Amino acid sequence: MPLTIRRVVGGPLETNAFLVTDTSSGDAIVIDAPPGVTEEVTSTANSLGATVHQIVVTHGHWDHIQDLNALNQALDAPIFGHPDLRERIESPDPATSPEPIMPVTMDGELDEGDRVTVGGHVFTVMHMPGHDPAHIILYSEDDGLVFGGDVLFPGGHGRTDIPGSDQSAMNRTLRRFIDLPGEVRVFTGHGEETSLEAEREWIMRVPAE
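Just so you know, these numbers come straight off a predicted model, no measurement behind them.

Visitor: Can you lay out the overall build of the protein chain for me, pointing to particular residues and giving the numbers?
Guide: A count of helices and strands for the protein chain gives 6 helices and 14 strands. With respect to the three principal axes, the spread of C-alpha positions in the protein chain is 45 × 45 × 30 Å. When the 209 residues of the protein chain are sorted by exposure, 54% land in the buried category. Within the protein chain, contacts between residues at least 6 apart in sequence are counted, and of these 60% link residues at least 24 apart. A total of about 9200 Å² of accessible surface is found on the protein chain, and carbon and sulfur atoms cover 48% of it.

Visitor: Give a description of the pattern of salt bridges that names residues and reports values.
Guide: Per the stated rule, a full pass over the model turns up 8 salt bridges. Across the pair glutamate 112 and arginine 176 runs a salt bridge, and its minimum N-O distance is 2.7 Å. With a gap of 64 residues between them, glutamate 112 in the loop between β6 (108–109) and β7 (115–118) and arginine 176 in helix α5 (residues 167–176) connect regions that are remote in the sequence. Two residues, arginine 205 and glutamate 201, come together in a salt bridge whose shortest N-O distance is 3.8 Å.

Visitor: Any details on the sheet that holds strand β14 (residues 194–195)? Residues and values, ideally.
Guide: Taken in spatial order, the 6 strands line up as β7-β8-β9-β10-β13-β14 in an open sheet, and their pairing is mixed. Two strands lie at the open edges of the sheet, namely β7 and β14, each paired on one side alone. Examined bridge by bridge, strand β13 (residues 185–188) and β14 share 2 bridges and lie antiparallel to one another. Each bridged residue has a counterpart across the sheet, and for valine 186 the counterpart in β14 is threonine 194.

Visitor: I'd like a rundown of the side chain of threonine 15, residues and numbers included.
Guide: You can see threonine 15 is positioned in strand β2 (residues 15–22). A polar contact is formed between the side chain of threonine 15 and the side chain of aspartate 63, at a distance of 2.8 Å. Ignoring anything within four residues of it in the chain, the contact list for threonine 15 reads Val8, Val9, Gly10, Pro34, Asp63, His64, Gly189 and His190.

Visitor: Tell me what's going on with the side chain of threonine 194, and back it up with residues and numbers.
Guide: One can find threonine 194 in strand β14. At a separation of 2.5 Å, a polar atom in the side chain of threonine 194 contacts the side chain of glutamate 199. If we skip the residues at most four places from it in the chain, threonine 194 touches Pro154, Val184, Arg185, Val186, Thr188 and Glu199.

Visitor: Which residues make up the pairing of β2, and what are the values?
Guide: β2 sits mainly inside the fold: 8 of its 8 residues count as buried. Strand direction decides the pairing type here: strand β1 (residues 3–10) and β2, joined by 8 bridges, are antiparallel. If you follow valine 8 over to β2, its bridge partner there is alanine 17. In this sheet, strand β3 (residues 27–31) lies alongside β2 in antiparallel orientation, the contact comprising 4 bridges. Its bridge partner lying in β3, phenylalanine 18 is registered against isoleucine 31. Adjacent in sequence and paired antiparallel, β2 and β3 are bridged by 4 residues, among which glycine 26 carries a positive phi angle near 80°.

Visitor: Which residues make up the packing of helix α1 (residues 38–48) against helix α3 (residues 68–75), and what are the values?
Guide: Closest axis-to-axis distance for the α1/α3 pair is 9 Å, and the angle between their directions is 30°. Relative to α3, the element α1 lies roughly parallel. Read as a crossing pair, α1 and α3 show a hand that is right-handed. In this structure, α1 uses Thr38, Val41 and Thr42 to contact α3, whose residues at the interface are Ala70, Leu71, Ala74 and Leu75. Among the residues making up the contact of α1 with α3, the classes are represented as 5 nonpolar, 2 polar and no charged.

Visitor: Summarise the sheet that holds β2; cite the residues concerned and give the values.
Guide: Read from one edge of the open sheet, 6 strands run β1-β2-β3-β4-β5-β6, paired in mixed fashion. In the strand order of this sheet, the two ends are held by β1 and β6, each with one partner.

Visitor: Provide a residue-level description of the environment of histidine 135, including the pertinent values.
Guide: Along the polypeptide, histidine 135 turns up in the loop between β8 (121–127) and β9 (136–140). For the pair formed by histidine 135 and valine 57, sequence separation is 78 residues and the distance between their alpha carbons is 8.5 Å. In this view, histidine 135 contacts Thr58, His59, Met126, His127, Met128, Pro129, Gly148, Gly149, Asp150 and Val151; residues no more than four positions away in its chain are not counted. A polar side-chain atom of histidine 135 sits 3.0 Å from the main-chain amide nitrogen of aspartate 150.

The rules behind the values
- Residues numbered from 1 in each chain as written.
- Predicted model: local features only at pLDDT ≥ 70, side-chain atom pairs only at ≥ 80, totals over all residues.
- Heavy atoms only, no water.
- Helix = DSSP H or I, 4+ residues; strand = E, 2+ residues; numbered from the N terminus.
- Buried < 20%, exposed > 50% of the residue type's maximum accessible area, 1.4 Å probe, protein only.
- Contact = heavy atoms within 4.5 Å.
- Areas by Shrake-Rupley, 256 points an atom, 1.4 Å probe, with all protein chains shown as cover.
- Salt bridge = Lys/Arg side-chain N within 4 Å of Asp/Glu carboxyl O.
- Pairing = 2+ DSSP bridges.
- Polar contact = N/O pair within 3.5 Å; in protein donor to acceptor, adjacent residues only side chain to side chain.
- Axes fitted to C-alpha atoms, helices over the stretch in contact; angles between N-to-C directions.
- Parallel < 35°, antiparallel > 145°, perpendicular 65-115°, else oblique.
- Left-handed = near helix turned anticlockwise from the far one by under 90°.
- Nonpolar A, V, L, I, M, F, W, Y, C, P; charged D, E, K, R; others polar.

By themselves these figures say nothing about function.
Written out as structure tokens, the structure is:
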């Protein structure tokens, strides 16, 4: 039961959305909703014969939630995220975004230890604050995949000099990766993918707290 992973890049910060599809069943999820991705995500899903049953939001920064309302309407798919995300998408603060964000209802909550399924594939939710208090990632042990949002990038991590961020929390988050296998691929919120093996050396130097 292979997975098909399609990346769609949107917005001025070139933020990644991912359409993740179980090719055997056509069952799919979308991860994140950058500005302007709705048309491409929808057309890609249609071309794959995929049915999106869930939109998962890694965290609440504007460049990851701008198209939530449009995606929700186009795909008729419920939105899931960390409990701390709810207010930020249901009553978005215009001061936090360069463009207006249309409010949308969060249909369900995801927190540490919850599961997200894509056909026969199971992803475990890990709450990984530091860049954002509501940040979650999806980890599939069987598939060796992480969808990491803005936690981990090649050679570094998400910013911790913005409102709601916390470097100490980020350090604790990063050190959780040490316990995962090195061959795990990491699909990032911006730019190209990496692997835990490629990042392990510098992660090991992150202060333990």
